[in-house]
Amino acid sequence: MTLAPTDTEDLAKGGEPRINDFAVKFANVNGTGSASANNLILRAIFRMGVPVSGKNLFPSNIQGLPTWYEIRVSGKGHTSRSRRYDLMVAMNGQTYAEDIGQLGAGGFVLYDSTWPLPATLLREDVNFLGVPLARLCGDAFSGPRERILMKNIAYAGAVSYLIGIDPQVLAELLEESYSGNPALRDSNQKALRLGYDYAEANLPATLPFRLRTDTGTKGKILIDGNTATALGCLYAGATVAAWYPITPATSVAENFQKLCERHRRRKVTLADGSVETRNDYVILQAEDELAALGMVIGASWAGARAFTSTSGPGISLMNELLGLAYYTEIPAVVINVQRTGPSTGMPTRVQQADLLECAYASHGDTKHILLLPADPKECFEFAVQAFDLAERFQTPVMMLSDLDIGMNDWVVDKLSWDDDYRPDRGRVLSDAEIEEVGHFYRYGDEDSEFVAPRTLPGLTEHGAYFTRGSGHDRYGLYTEDAGAYAEVVERLARKVEASADRLPKPVIQSKPGANIGVITMGSCEAAVIEALQLLESEGMTLDYMRVRGFPFGSEVKAFLDAHERCMVVEQNRDGQLRSLLILEAGGDGRRLTSVLSFGGLPMSADQVAEGIRNEMQE
Amino acid sequence: MTLAPTDTEDLAKGGEPRINDFAVKFANVNGTGSASANNLILRAIFRMGVPVSGKNLFPSNIQGLPTWYEIRVSGKGHTSRSRRYDLMVAMNGQTYAEDIGQLGAGGFVLYDSTWPLPATLLREDVNFLGVPLARLCGDAFSGPRERILMKNIAYAGAVSYLIGIDPQVLAELLEESYSGNPALRDSNQKALRLGYDYAEANLPATLPFRLRTDTGTKGKILIDGNTATALGCLYAGATVAAWYPITPATSVAENFQKLCERHRRRKVTLADGSVETRNDYVILQAEDELAALGMVIGASWAGARAFTSTSGPGISLMNELLGLAYYTEIPAVVINVQRTGPSTGMPTRVQQADLLECAYASHGDTKHILLLPADPKECFEFAVQAFDLAERFQTPVMMLSDLDIGMNDWVVDKLSWDDDYRPDRGRVLSDAEIEEVGHFYRYGDEDSEFVAPRTLPGLTEHGAYFTRGSGHDRYGLYTEDAGAYAEVVERLARKVEASADRLPKPVIQSKPGANIGVITMGSCEAAVIEALQLLESEGMTLDYMRVRGFPFGSEVKAFLDAHERCMVVEQNRDGQLRSLLILEAGGDGRRLTSVLSFGGLPMSADQVAEGIRNEMQE
Amino acid sequence: MPSIKKPLIPLAAMPTNEIGLTMRDYEGSMSTLCAGCGHDSVTAAIVRALFELSIPPHKVVKLSGIGCSSKTTAYFDSAAHGFNSAHGRMAPIATGANAANRDALYIGISGDGDSLSIGAGHMVHAIRRNVHMVYVIENNGVYGLTKGQFSASADIGSAAKHGKANTVAPIDPVMLALSLGASFVARSFSGDKEQLVPILKAAAQHRGLALIDVISPCVQFNNHNGSTKSYRYVREHELREIEPDFISTGREIVVDLPRDGSVMVAMHDGGLVRFRTLPAEYDPTDREAAMHYVNQAHARGEIPTGLLFVDESVPDVHELNHTSETPLVELPFEELCPGSTELEALQQSFV
Amino acid sequence: MPSIKKPLIPLAAMPTNEIGLTMRDYEGSMSTLCAGCGHDSVTAAIVRALFELSIPPHKVVKLSGIGCSSKTTAYFDSAAHGFNSAHGRMAPIATGANAANRDALYIGISGDGDSLSIGAGHMVHAIRRNVHMVYVIENNGVYGLTKGQFSASADIGSAAKHGKANTVAPIDPVMLALSLGASFVARSFSGDKEQLVPILKAAAQHRGLALIDVISPCVQFNNHNGSTKSYRYVREHELREIEPDFISTGREIVVDLPRDGSVMVAMHDGGLVRFRTLPAEYDPTDREAAMHYVNQAHARGEIPTGLLFVDESVPDVHELNHTSETPLVELPFEELCPGSTELEALQQSFV
Ligand SMILES: Cc1ncc(C[n+]2csc(CCOP(=O)(O)OP(=O)(O)O)c2C)c(N)n1
Ligand SMILES: Cc1ncc(C[n+]2csc(CCOP(=O)(O)OP(=O)(O)O)c2C)c(N)n1
Ligand code: SF4
Ligand code: SF4
Ligand SMILES: [Mg+2]
Ligand SMILES: [Mg+2]
């Protein structure tokens, strides 16, 4: 699983530095405030118009353990994780050896030269750039807290110099970030200069790789998936959220809370003339995930758009109530930001291993609608769709994001909103409508998509019905009759099947003459697309499909049929997407092979390419 | 789903009554004590040496709703449910119409003629036999309670006369049942005679069907699956049981409790000479199913053989902890007595719809060992094996029984026990063994089946290790390293795969020349076997396989490969066994078709035969 | 057509309430519980309380878990939406429904198995949140629907039907609720409608979660001597320290101290409930005194019933949250969605 | 080789206990918690308590849920088996382990999130069953590991790191336990080892479940003024009514009434714990008085610490069950399996 250090020296051969095509890795100690320094660099690069991605490889711990941050700069827009680093910002003594070992020949190490590097770490084929950060900050700042924090900004200054970040952009960013706190802005500014100036004075003027201002991020934003998801929920008109904290889903609810505080508060004038703030939302931090989904079911049953966000362990705990919502036909939006399983697993590592669990969650015959976004933009869009689908089909809809999408910053097209959008509330009857029809059969009278009408508690005078997770007939009455029971569950199967037509279509790229396909989902996309380009340059032409929803539609089936062979790239051990394609899209197991990565780190293009090459040779 | 009344008149044509081949249905009101009357008849037939089966079709309710009991008598040993009834014992006024409607032409109705039958119910083509039960019992007994109870025994007397039950056998049974209560025995005896004598005096001497003493139940017993399962747990040496009540699993734990009270109590003499009873078991009625499995995991981790029993909703709630046990490699035996889902579903109806849920329970990549018994005898045997497998492979083992097997009485071969049996405790190290090896790697040093050694808390001085559901390496140490993590989970996959060789082999019946197979599992067996005989008599020769364990072994794969086409008969909506065969035994979806029944009533042979015929025509 | 309300043709003889409805209008479908089950008496009390309160039948929302007790929701007010959900999960589902639509009377019905075992965590947190609802536990000390296992409220040493003694200490929902800071805690007995109806009415008017532990004997599995949940036992040992007498008009704000053995409690919607306390000094507004009283009664082997504690000053979920008065479900989408211009503005922080 | 005990080479200077071990022998792996985390102080107290009790290190079984607090089990007694299980499920897992092998000291470590939210139902029932174990809640009022959300024990109005006020009433595990009939209820403060160590020792010797609520501040997310779980607040408001002083030899049976402001409690294994009560009349054997005391202290804004209640007469799971003295795990199969003859006999009832 570990990549042998690759030779990067040749990259510098030409004399001219490589422009907008390199990777920097930051090795830090968590809880020391390095995140803001690294983020500053990421945002500065973005501001310079250069596509960039940042991957945070952090431990499940609060303070004191090693943590890494990887920045990949790619003028071509490749944002998957790179496993070749050009510059290692080695700020953690505990992991010096490991970090330096990961560099290819000709790579650069930036370290804190306040203390000499142990001789055993020195490598002949790597360039060591020392900046006496602790000393510089010790002299310039007082108090241990400030010194530690400012050391981070100082190395950011040095890195900025080395890779060519526009100091003007940095200054602007600090100005914006600390507009409310001039003192903090000034000390940040000072620390940044400290590093920058020292580097300018003491380090090589140009490295073999460098930034150049470009226009590659025009019309784009830098956003993480959880923020985008929360925005989607806000825009979809969700008014109730219920959640239980869990990494990496926590920031979905926390962002939703922040957004609601800004966009869902109104001043109202009370009878006595006084003015009060009123909230057009309720956010419930539940006692556990069972309760969180229970609250969502209650709120959705009552007619609100409601959602919960969780990760694997929470999904497991929600199994029983997912079945309840499925069988009683209550909308429920569940955001699953996937992490590495099984069990507690690696809570701060990514995986796509909840696919089967979510598709068939709960005992008995069930099947659930899934949405599979690949990046924050799709998180925003699919979150909105999730509510429409849940209400249209009166059933749980799970959006499977993951830690990589959810917690890392991605460059995506600016989000857009159509002001003509109106929620699809599905079949909700009013008193007038019931009177018109003359009857109301809660689980009968289905439309062409097999959806039956519902009414909302407390809102209709004549539409009351009794909701039960026990056997019921088309009228909603209790039954133990085989036929009456079967009629309802058969309709359920057809209903979920019918939803396929309304789900986001797969993304397909067909190449003339290709008869082998590569299929993937979610956050694998960037790595797979890049790998396909790589392979194409080697003469291997492959078709591409990324599935975006389950149940699969006809396009997915057609793609499978049209290809002699497909490789399914996914981040889990058991090839769960492949399984689902076999079961639910008529895929032939013999013609579907897996390319897997499941160690918990985001996929890189070379991993994918290697996996595909191996499979092709077999 | 409802069967048109079939013509049974012709069956009587020959003049000679049909011997040991008929079905009686009892329509009662639940909570009125009819169960003991019906059971008396069942056992009497069994005692006469005639194979018989009883299916209890009861509501999820305590008192007052309709309930049915079906007895099928089959000299040939066909014990699946019959949907053709020869005699309807119509004791429930609420359902007269429905019950009488279910009879074929020429059928017989036994009713309480104390009150006349409404004219609208009278059918020309059916024979009505009236016994004034309420009047007879009103005269003979005092007190409403006794009158109601004895009415049941009285109809049992009448039925006994009609179908030819040996009065001697009945007398014996009453003698045994009420040996401790002569008064009760006498009133039962009296009620029985009341019905018998009235019938003898007033009803036809012979019906077109009749019992005859035989030897078909020699060496056999009449037992329900839950009792047999509890016996298996007792014999396997289980000492800890944790459970939460749920129909139809409750009687597993309740029977285990009773068995322990009889077989696991010892008298010990205390220091002061006094004698006390000591229990060699702990049974914990947990606060919920999460706790029940948690207790089992704790007890198994500590080294006891422990189990829980539950049904669908409980399995859903156990999802998270099933993943914990899987990943931390802790044995856990879970008995799932399946009922109709999804959600609360029909708690007193049967289904086999938890198969997929159990095979892949929990988030992340998981796969679990399943045992699939077809009758109470296998419940006994598989329960024992479940503990061996769970301890050998250090992982959860789920036995999927169902309501039909678990709560109905089945005629099976007498259970036998090999006194040389010793539990397979798997790889448990002692201090001495650790010292010998010189080290102890909890999740490494795997054997040929990929099982690593474990130690038991408190029992070794040098074998302590730390169990965690979070990422761990082969040593059991916390890790977030991709390679170290992957090493362990890859071994897990191989380990569960390796268990296939130790699971019960499929039952296979091959016919010369058959190139189409029928595959089934669990309680479908009786109906499928009978259907195959039926079809064979029509000239359709089919091979048969019943899978008994998951992961599937090579025999299952070979059977699939050897047949052009297979039909998979199962009791769920979505063809879950078929899905599992496709995913996990290389089955080709195009060659596997489903024959399904999922209305919640046990399958009958004619249903299966019809399903197969339909599939064959396509 | 299960959900079309039966036509309102009041029979001459049937009394009507303030909104012109008869008791019939608050009835539900036929009970399928055992004849004589305590739960059916609770149903009858609820029907009467709703009738006397003149609540529009469709403005009630009925929720329950799973159990014989939880079936109760089907047996009253068929013009109201009902939800017989999953075992133990009534509280979170009610919490969510109430969050979405604050403009209804939420009645949650649960059992001792449902609330004190599988749903214990949820009950605790619903109490803590003070969800605005009536929370009835039909407490029979057993799992009725699964045929008679002991529940967590079974008494030490009480023998279940099959003769085995329960050996684990019972959980008393009343003490639990008091210790958790519940804002309304009462206990009653299904067999005593004179007491139960006024308590239900007070609970319906309470702001926040009103917990009522109703001892409701299971005739099938727990109605034998020795069980403290049987009719016999309760009749003999019940200690009625409070005779509630409901007055549905008038408005008063303050909670008076007990005087002449009685105390007036102003309910949230202005309704007044006068509680007569048997011990002259009983003050249902003093939590500590309530705990003491219950403890003392238990020590004497007595079951105190009545409105044991009430505090109208504890804010409910919505008050704490400052939720808009308009139920969330009735807010138009246009007010909820910030729109494209705002989205554009928002994204300034993402560049 | 994580599980081979380090060789015992006692340094000259290190004191040894009755079984010849040093404090080192009770240590675990290096803590990865934040520098200054209250939980690490609890770890240190546990190490000292085990050392002073001279418990064979491998005769301890350590169990926890998930959270920063739950990591504690890794940081003491590495010669003991540990189980860092799933969030909220420590109690049932400990219950099962204890059922299987009664011959060990079970120490369960949990957090306020772990025990008062997701695991609340389990905690309630472990208390009710009186499982023989030490149950430590490292209570910091927040979810540390998930970065600072309020837990159910967060105080009303206390502001979390991100500045939002908590608005829901806290659950006090001490009051909860007292109301549930817990047999041993204590509270202490991670910053005060002098008090915590003797309480832990008493708990280890208690028969049944010993609940210790340890206020254990999170330096990261909750150690600011205004929070009642911060070092500052506790130091200022802590009310130490009991100064425990542990005596490990001698045997006495009866629980004395308080005299000269102190009370002697005889522990199950015969050890004696002398509790000095600040209020001379404090009697840790009177549950009602304990509730009253805690209520009063809370009303004054004070946190009472010390051994608040103990009752050595409540039977634990095994006593109630009459389980064999030999741990179930050590019973030979031959004694457990009734054998073929018995099976034959048994089946007489199935024909
Ligand atoms: C998850 C789950 N576990 C178990 C059951 C089975 N079950 C149904 S009702 C019930 C207990 C009901 O007891 P209680 O709440 O006291 O109600 P009662 O019947 O006594 O009124 C149980 C265990 C279930 N429906 N769901
Ligand atoms: C089922 C599940 N839900 C959520 C989580 C995420 N999670 C881990 S620790 C924790 C809370 C820990 O809080 P607490 O028990 O108070 O411990 P602390 O970190 O404060 O010591 C949560 C919510 C999880 N691991 N499992
Ligand atoms: S079993 Fe008990 S609780 Fe259930 S309906 Fe019958 S009497 Fe009521
Ligand atoms: S976050 Fe808080 S609770 Fe967790 S280790 Fe740090 S200080 Fe301790
Ligand atoms: Mg009950
Ligand atoms: Mg905490």
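Q: How would you sum up the site of ligand 2? Please name residues and give values.
A: Inspection of the region around ligand 2 gives 24 residues, with E289 of chain A together with S69, D112, G113 and G144 of chain D positioned closest. Nearby residues place ligand 2 at the junction of chains A, B and D. Contact between ligand 2 and E289 of chain A: a nitrogen atom at 2.5 Å from a side-chain N or O atom of the residue. The contact in question runs from an oxygen atom of ligand 2 to an N or O atom on the backbone of G113 of chain D, over 2.8 Å. Here ligand 2 has 580 Å² of accessible area as a free molecule, and 98% of this is covered by the chains.

Q: Quick rundown of empty space enclosed by the protein? Include the residues and the values.
A: Looking at the largest cavity, its volume works out to about 140 Å³. The wall of the largest cavity is formed by 16 residues, among which D288 of chain A, D288 of chain B, R89 and I118 of chain C together with I118 of chain D lie closest to the centre. Of all elements in the fold, only α3 (112-118) and α4 (120-129) of chain C together with α4 (120-129) of chain D reach the threshold of two or more residues within the lining of the largest cavity. Among the elements that line the lining of the largest cavity, the one with the most residues is α4 of chain C, at 3 residues.

Q: Just give me the short version of helix α5 (residues 167-177) of chain A, but keep the residues and values in it.
A: All names here are of chain A. Listed as buried for α5 are V169, L170, L173 and L174. Relative to the axis of α5, the buried residues are bounded by an arc of 135° and lie together on one face. The elements touched by buried residues of α5 are α1 (34-47), α4 (144-163) and α6 (182-202).

Q: How would you explain the domain arrangement of chain A if you had to name every residue and give the values?
A: Looking at chain A, the domain boundaries give domain 1 (18-216), domain 2 (223-413), domain 3 (431-501) and domain 4 (507-617). Taken over C-alpha atoms, the centre of domain 1 of chain A sits 59 Å from the centre of domain 3 of chain A.

Q: Let's hear about the coordination of the magnesium ion (ligand 5): which residues, and what values?
A: Residues and elements named next belong to chain C. The magnesium ion (ligand 5) binds to the protein through D112 (OD), N140 (OD1) and V142 (O); the donor distances cover 2.0 to 2.1 Å. Read in sequence order, the donor residues for the magnesium ion (ligand 5) give the motif D-x27-N-x1-V. Note that D112 is positioned in helix α3 and V142 in strand β5 (residues 142-143), a separation of 30 residues in sequence. Judged by relative accessible area, which is 2%, D112 ranks as buried. Classification of V142 by relative accessible area gives buried; the value is 2%.

Q: Please provide a residue-by-residue account of the packing of aromatic side chains, values included.
A: Remark: the centre distance and the inter-plane angle together describe each pair of aromatic rings, the angle taken between the planes. The full count for this structure, using the stated rule, is 38 aromatic pairs over all chains. With centroids separated by 6.1 Å and ring planes inclined at 70°, the aromatic side chains of F380 of chain A and W417 of chain A adopt a geometry described as edge-to-face. In this pair, F380 of chain A is assigned in helix α12 (residues 376-393) and W417 of chain A in the loop between β18 (409-413) and α14 (431-437), connecting sequence segments 37 residues apart. We classify W417 of chain A as buried; its relative accessible area is 14%. Each ring, one from Y235 of chain B and one from W417 of chain B, has its centre 4.9 Å from the other, and the planes form 65°; the classification is edge-to-face.

Q: Which residues make up the interface of chain A and chain D, and what values do they have?
A: Listed per partner, the contact involves 21 residues of chain A and 23 residues of chain D. Both faces considered, chain A and chain D share a buried interface measuring about 1,500 Å² in area, 53% of it formed by carbon and sulfur atoms. Summed over the three residues of chain A that lose the most area to chain D, namely I62, Q63 and Y244 of chain A, the buried surface amounts to 37% of that side. Inspection of the region where chain A meets chain D yields 0 salt bridges. For the side of chain A that touches chain D, the secondary structure elements donating two or more residues are α8 (250-263) and α9 (289-301) of chain A. In terms of residue count, the dominant contributor to the side of chain A that touches chain D is α8 of chain A (4 residues). Counted by class, the side of chain A that touches chain D contains 8 nonpolar, 8 polar and 5 charged residues.

Q: Before we move on, could you go through the interface of chain C and chain A and cite the residues and values that matter?
A: Taken residue by residue, the interface counts 61 residues in chain C and 78 residues in chain A. Carbon and sulfur atoms make up 62% of the area that chain C and chain A hide from each other, which totals about 5,800 Å². At the junction of chain C with chain A, the criterion picks out 6 salt bridges. A salt bridge links E344 of chain C to K414 of chain A; its shortest N-O distance comes to 2.9 Å. Put simply, chain C and chain A have 27 residue pairs in polar contact (both at pLDDT 80 or more) between them. Elements supplying a minimum of two residues to the side of chain C that touches chain A: β1 (60-64), β2 (81-84), α2 (90-100), α4, α9 (317-321), α10 (333-336) and α11 (339-346) of chain C. Here the residues of the side of chain C that touches chain A sort into 27 nonpolar, 23 polar and 11 charged. Pairing between strand β19 (residues 466-468) of chain A and β2 of chain C: 3 bridges, direction parallel. By the bridge assignment, F466 of chain A is partnered in β2 of chain C with G82 of chain C.

Q: I'd like a rundown of the pattern of salt bridges, residues and numbers included.
A: By the definition in use, this model includes 110 salt bridges over all chains. Note that D125 of chain B is salt-bridged to R123 of chain B, the shortest N-O span being 2.9 Å. With a relative accessible area of 34%, D125 of chain B lands in the partly exposed category. For R123 of chain B, a relative accessible area of 21% gives the class partly exposed. Notably, a salt bridge pairs E391 of chain B with R454 of chain B, separated by 3.6 Å at the nearest N-O pair. With a gap of 63 residues between them, E391 of chain B in helix α12 (residues 376-393) and R454 of chain B in the loop between α14 (431-437) and β19 (466-468) connect regions that are remote in the sequence. What makes R454 of chain B buried here is its relative accessible area of 2%. When salt bridges that share partners are traced, they join R305, D388, E391, R425 and R454 of chain A into one network.

Q: So what's going on with the sheet that holds strand β21 (residues 516-521) of chain A? Which residues, and what values?
A: Residues and elements named next belong to chain A. Strand order in the open sheet formed by 5 strands is β20-β22-β21-β24-β25, with mixed pairing between adjacent strands. Taken across any chain shown, the strands that pair with only one partner, and hence form the sheet edges, are β20 (507-509) and β25 (592-596). Strand-to-strand, the axes of this sheet are offset by a mean angle of 20°, without reference to chain direction. Across 5 bridges, the pairing between strand β24 (residues 565-570) and β25 is parallel. Each residue of the ladder has a partner; that of C566, found in β25, is L592. Sheet strands touched by helix α18 (residues 576-584): β21, β22 (543-547), β24 and β25. Its angle to β24, the strand with the most contacts, is close to 135°.

Q: Tell me about the sheet that holds strand β23 (residues 549-550) of chain A, and name the residues and values.
A: Residues and elements named next belong to chain A. Spatial strand order, β13-β10-β14-β15-β17-β16-β23: 7 strands in an open sheet with mixed pairing. Strand pairing shows two members of the sheet lacking a second neighbour, β13 (282-285) and β23, which therefore form its edges. Two elements, strand β15 (residues 332-338) and strand β17 (residues 396-402), share 7 bridges in a ladder whose sense is parallel. The residue bridging V333 from the neighbouring strand is V397, located in β17.

Q: Could you give an account of the site of ligand 4, naming the residues involved and the relevant values?
A: As a structural note, the neighbourhood of ligand 4 is formed by I62 of chain A together with L33, C34, C37, H39, C68, N140, C218, V219, Q220 and F221 of chain D. Assessed atom by atom at 2 Å from the grid points, ligand 4 resides in the second largest cavity. Partitioning the shell around ligand 4 into residue classes produces 8 nonpolar, 3 polar and no charged.

Q: Explain the pairing of strand β5 (residues 87-90) of chain B residue by residue, including any values.
A: Within a regular strand, the side chains alternate between the two sheet faces. Residue and element names in this part refer to chain B. Covered by surrounding structure in β5 are L87 and V89 together with M88 and A90, the residues of both alternating faces. Bridge count for strand β2 (residues 21-29) against β5 is 4 bridges, and the pairing is parallel. In the strand pairing of β5, A27 is matched with A90. Two elements, β5 and strand β6 (residues 108-112), share 4 bridges in a ladder whose sense is parallel.

Q: Describe the coordination of the magnesium ion (ligand 6), naming the residues involved and giving the relevant values.
A: Residues and elements named next belong to chain D. For the magnesium ion (ligand 6), the full set of protein donor atoms is D112 (OD), N140 (OD1) and V142 (O), and the range of their distances to it is 2.0 to 2.2 Å. Summarised as a motif, the one-chain spacing of the donors to the magnesium ion (ligand 6) is D-x27-N-x1-V. Of the two residues, D112 is situated in helix α3 (residues 112-118) and N140 in the loop between β4 (133-139) and β5 (142-143); the sequence distance between them amounts to 28 residues. Across the pair, N140 and D112 agree in class, each one buried.

Rules used in this analysis
Residues numbered from 1 in each chain as written. Chains lettered and ligands numbered in written order. Predicted model: local features only at pLDDT ≥ 70, side-chain atom pairs only at ≥ 80, totals over all residues. Heavy atoms only, no water. Near = heavy atom within 4 Å. Polar contact = N/O pair within 3.5 Å; in protein donor to acceptor, adjacent residues only side chain to side chain. Areas by Shrake-Rupley, 256 points an atom, 1.4 Å probe, with all protein chains shown as cover. 1 Å grid on protein atoms, 1.4 Å probe; cavity = no way out; pocket = protein on both sides within 12 Å on 5 of 7 lines; lining within 4 Å. Points joined across faces, edges and corners; volume = space filled by probe spheres on them. Helix = DSSP H or I, 4+ residues; strand = E, 2+ residues; numbered from the N terminus. Buried < 20%, exposed > 50% of the residue type's maximum accessible area, 1.4 Å probe, protein only. Arc of directions from axis to C-beta. Contact = heavy atoms within 4.5 Å. Domains from an automatic or database assignment. Donors = N, O, S within 2.8 Å, 3.2 Å for Na, K, Ca; no water. Phe/Tyr/Trp six-rings, centres within 6.5 Å; stacked < 30°, edge-to-face > 60°. Buried area = accessible area lost by both parts, 1.4 Å probe. Salt bridge = Lys/Arg side-chain N within 4 Å of Asp/Glu carboxyl O. Nonpolar A, V, L, I, M, F, W, Y, C, P; charged D, E, K, R; others polar. Pairing = 2+ DSSP bridges. Axes fitted to C-alpha atoms, helices over the stretch in contact; angles between N-to-C directions. Sits in = over half its atoms within 2 Å of the grid points.

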